[in-house]
Amino acid sequence: MTDVFRMGVVLTDRGSKYAVSGAHVESRAEIDAVLDALRSDKSYAKATHNTWAAVLPTGGLKADDGESGAGMVILRMLEREGLRNHVIIVTRWYGGKKLGGDRFRRVQDATRAYLDRISAPI
């Protein structure tokens, strides 16, 4: 397994904070290892949601972690980008105010920040 790349908090909305992380993965077991590594950090372990998606040779995988529909947002973005064998995790710390449909835009914003960062020339 490769190292987990953490961008940290990339945006806030009405008190909720969003962070994004990711890693190259080849299997579901590696996805689980990335999630375990991320959750070994107490702040990520205490997050309200760690939503993720990945596209493996066997197909797309996703998990909402209580943020219904958010995994599909990440998965669609991965598929559009053609990014395979990579997991993206969007972490949310709930800030006390419901965001309604804006929560999907924040997941998109966080995922886009990650995709832009990994495709940027070094």
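Look a little higher up for the structure.
Note that this is a predicted model, so its numbers are computed, not measured. (Residues numbered from 1 in each chain as written. Predicted model: local features only at pLDDT ≥ 70, side-chain atom pairs only at ≥ 80, totals over all residues. Heavy atoms only, no water.)

A. Quick peek at the overall build of the chain. A tally of regular secondary structure across the chain gives four helices and five strands. Starting at the N terminus and ending at the C terminus, the chain contains elements arranged as β-β-α-α-β-β-α-β-α. In terms of principal-axis extent, the alpha carbons of the chain reach across some 40 × 30 × 30 Å. Total accessible area on the chain stands at roughly 6,300 Å², and carbon and sulfur atoms take up 49% of it. Side chains of the chain carry 19 positive and 15 negative charges; the gap between the two charge centres is 7 Å. (Helix = DSSP H or I, 4+ residues; strand = E, 2+ residues; numbered from the N terminus. Areas by Shrake-Rupley, 256 points an atom, 1.4 Å probe, with all protein chains shown as cover. Lys, Arg positive; Asp, Glu negative; His and termini not counted. Charge placed at Lys NZ, Arg CZ, Asp CG, Glu CD.)

B. Seen up close, helix α3 (residues 70-81). For α3, spanning twelve residues, the distance from its first C-alpha to its last is 17 Å, which sits close to the expected 16 Å at 1.5 Å a residue. The complete set of buried residues in α3 reads A70, G71, V73, I74, L75, M77 and L78. Looking at the buried side of α3, the elements it contacts are β3 (49-56), β4 (59-63), β5 (86-93) and α4 (102-119). The first or second residue beyond α3 is G82, which carries a positive phi of 75°. (Expected span 1.5 Å × (residues − 1). Buried < 20%, exposed > 50% of the residue type's maximum accessible area, 1.4 Å probe, protein only. Contact = heavy atoms within 4.5 Å.)

C. Highlighting the pairing of strand β2 (residues 16-24). Counting buried positions over the nine residues of β2 gives seven, a clear majority of the element. Pairing between strand β1 (residues 5-13) and β2: seven bridges, direction antiparallel. In the sheet register, V9 faces β2, and the bridge partner there is A19. Linkage of β1 to β2, two consecutive antiparallel strands, is achieved through a turn of two residues, within which R14 is found at a positive phi near 50°. The pairing of β2 with β5 spans eight bridges and is classified as antiparallel. Residue pairing for β5: V20 is matched across the bridge by V90. (Pairing = 2+ DSSP bridges.)

D. Summary view of the sheet that holds β2. The strand order across the open sheet formed by five strands is β1-β2-β5-β3-β4, and the pairing between neighbours is antiparallel. Pairing within the sheet leaves two strands with one partner each, and these edge strands are β1 and β4. On average, each strand axis in the sheet is inclined to that of its neighbour by 15°, with strand direction left out of account. Packing against the sheet, helix α1 (residues 28-39) makes contact with β1, β2, β3, β4 and β5, and its axis sits at approximately 155° to β3. Sitting on the sheet, α3 is in contact with β3, β4 and β5, with an inclination near 35° to β3. (Axes fitted to C-alpha atoms, helices over the stretch in contact; angles between N-to-C directions.)

E. The packing of aromatic side chains, seen in detail. As enumerated under the stated definition, the model contains two aromatic pairs in all. Between F5 and Y114, the aromatic rings sit 5.9 Å apart at their centres with planes inclined by 50°, giving tilted as the arrangement. In this pair, F5 is assigned in strand β1 and Y114 in helix α4, connecting sequence segments 109 residues apart. The interplanar angle of 65° and the centroid separation of 5.4 Å between the aromatic rings of Y44 and W93 together place this pair among those described as edge-to-face. Linking Y44 in helix α2 (residues 42-45) with W93 in strand β5, this pair joins segments that are 49 residues apart in sequence. (Phe/Tyr/Trp six-rings, centres within 6.5 Å; stacked < 30°, edge-to-face > 60°.)

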